[in-house]
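Structural characterization, general
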Amino acid sequence: MKHSTVELGAPTLHMENVGFRYRNGHQAVQGFTLTQRAGILGVLGPNGAGKSTLMRMLATLTRPTEGAIVWNGADCVREPDALRRSLGYLPQEFGTYPALTAREFLHYLAAVKGLPHAATAQRVQHCLELVGLEGAADKRLADCSGGMRQRVGIAQALLNDPQLLIVDEPTVGLDPDERQRFRNLLTDLAGQRLVLLSTHIVSDLEASATALAVMEQGRLLFHDTPQALLSQAVGKVWQWTIPATDLSAVRTAHRVSASLLRPGGVQVRIVAATAPSPDAVAAEPTLEDAYVWLLSRQGGRG
Ligand SMILES: Nc1ncnc2c1ncn2[C@@H]1O[C@H](COP(=O)(O)OP(=O)(O)OP(=O)(O)O)[C@@H](O)[C@H]1O
């Protein structure tokens, strides 16, 4: 019985042929169709692929110019409130008030979001704890690190206990430690939620995403598990060491997914259907290799 209750309550996002054309005629998203349930969906694509445009449509800030977005069976254009009630959103540009403390800021946003006043103090405290900020709650935001401010951003997105959490390029500007903490936090928060995490950085998704949607030039190129993306690149990744002076020529001739300075030169990883050099040795694909391989097959820049 418990199982069927969870199934019934499981969030479902469905996009059917979704497109968005800006007023200047630029088609930023086109023909986007996918269905996604709880978990972390990594929305991955190069700069300009259309990720933020997609995120804004899903956050009901802009309406699709084509197609339909359906959240738990409700059409988001006709009934946007169904999704808005379930939504937490951390936009790419998230502004805070430097003079306020994290707690004051969250109280302010709870009021803006119309949370019941009597429950606010407890909810704010709970959200501060969820993001690990209880110790810094009364510090002015001006004195917080970038990573702490991003966690305040997540805390505000969690105020209404959302079933759909949208975070757009959340790790930009964070140092490696802060990035790691932030990824762990999102993994902890997923549970029965659907978390949409947009990024152009593959390593943001490596350990956390349960599904990937890769987009380029507004189109959905791939929607499946990270393992499925990896399996596409098996036998397509090659590695060997070249003199550092050859790197530029190798980059021009091949798709380089990684390069590593070594004492004897530069170790390059290339994605290609066949061995690109007699010295090349087949290597196990990483998610980065698989992403570069996918983009290379589309003729994009990656
Ligand atoms: N207001 C606008 N009017 C016209 N074109 C726009 C507008 N905003 C974005 N675009 C264009 O739409 C495309 C998709 O932009 P979008 O910001 O959604 O991409 P993105 O994948 O989020 O990239 P980034 O990571 O650089 O933000 C880009 O070519 C961009 O130049």
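Residues numbered from 1 in each chain as written. Predicted model: local features only at pLDDT ≥ 70, side-chain atom pairs only at ≥ 80, totals over all residues. Heavy atoms only, no water.

Heads up, the condition is: UniProt positions are given in the numbering used here, feature names are shortened, and annotations may be inferred rather than shown by experiment.
Under an unreviewed UniProt entry, the name given to the protein chain is ATP-binding cassette domain-containing protein, and the source organism is Pseudoduganella ginsengisoli. The heading Sequence similarities (unreviewed entry) in the UniProt record of the protein chain holds the text "Belongs to the ABC transporter superfamily."

**Here's the deal with the sheet that holds strand E14 (residues 281–282)**
Basically, it comes down to this: A pair of strands is considered paired only if DSSP assigns at least 2 bridges between the two. Here a helix means four or more residues in a row that DSSP labels H or I, a strand means two or more in a row labelled E, and each is numbered from the N terminus.
Here four strands make up an open sheet; going across it, the order is E12-E13-E11-E14 and the pairing antiparallel. The strands lining the two open edges of the sheet, one partner per strand, are strand E12 (255–262) and E14. As paired elements, E12 and strand E13 (residues 265–271) share seven bridges and run antiparallel to each other. Note that in E13 the partner of Val 256 across the bridge is Ile 270.

**Observations concerning the packing of helix H4 (residues 102–112) against helix H6 (residues 146–158)**
The cut-off we apply is this: Note on geometry: axes are lines fitted to C-alpha atoms, helical ones only across the stretch in contact, with angles between N-to-C directions running from 0 to 180 degrees. The cut-offs work like this: below 35 degrees is roughly parallel, past 145 is roughly antiparallel, 65 to 115 is roughly perpendicular, and the gaps in between are oblique. Handedness of a helix crossing follows the sense of rotation of the near helix relative to the far helix, less than a right angle counterclockwise being left-handed and clockwise being right-handed. What makes two residues a contact is simply this: any of their non-hydrogen atoms within 4.5 Å.
Interhelical geometry of H4 versus H6 gives an angle of 30 degrees and a closest axis separation of 10 Å. Of the possible angle classes, the one that applies to H4 and H6 is roughly parallel. Note on packing geometry: the crossing formed by H4 with H6 is right-handed. Facing Ala 102, Phe 105, Leu 106 and Leu 109 of H4, the residues of H6 in contact are Val 152, Ala 155 and Gln 156.

**Concerning H4**
Formally: With a 1.4 Å probe rolled over the protein chains alone, any residue whose accessible area is under 20% of its type maximum counts as buried; one over 50% counts as exposed, and the rest are partly exposed. This arc is taken over the directions from the axis of the helix to the C-beta atoms.
For H4, every residue scored as buried is listed here: Ala 102, Phe 105, Leu 106, Leu 109 and Ala 110. On an axial view of H4, the arc spanned by its buried residues comes to 140 degrees, and they lie on one face. Buried-residue contacts for H4 involve helix H5 (117–130) and H6.

**What to know about the pairing of strand E9 (residues 211–216)**
Of all six residues making up E9, six are buried, and the element is well covered by its neighbours. Burial along E9 is two-sided: the face carrying Ala 211, Ala 213 and Met 215 and the face carrying Leu 212, Val 214 and Glu 216 are both buried. Strand direction decides the pairing type here: strand E3 (residues 39–44) and E9, joined by four bridges, are parallel. Bridge pairing in E9 places Gly 42 opposite Leu 212. Taken together, the five bridges between E9 and strand E10 (residues 219–224) define a ladder with antiparallel strand orientation.

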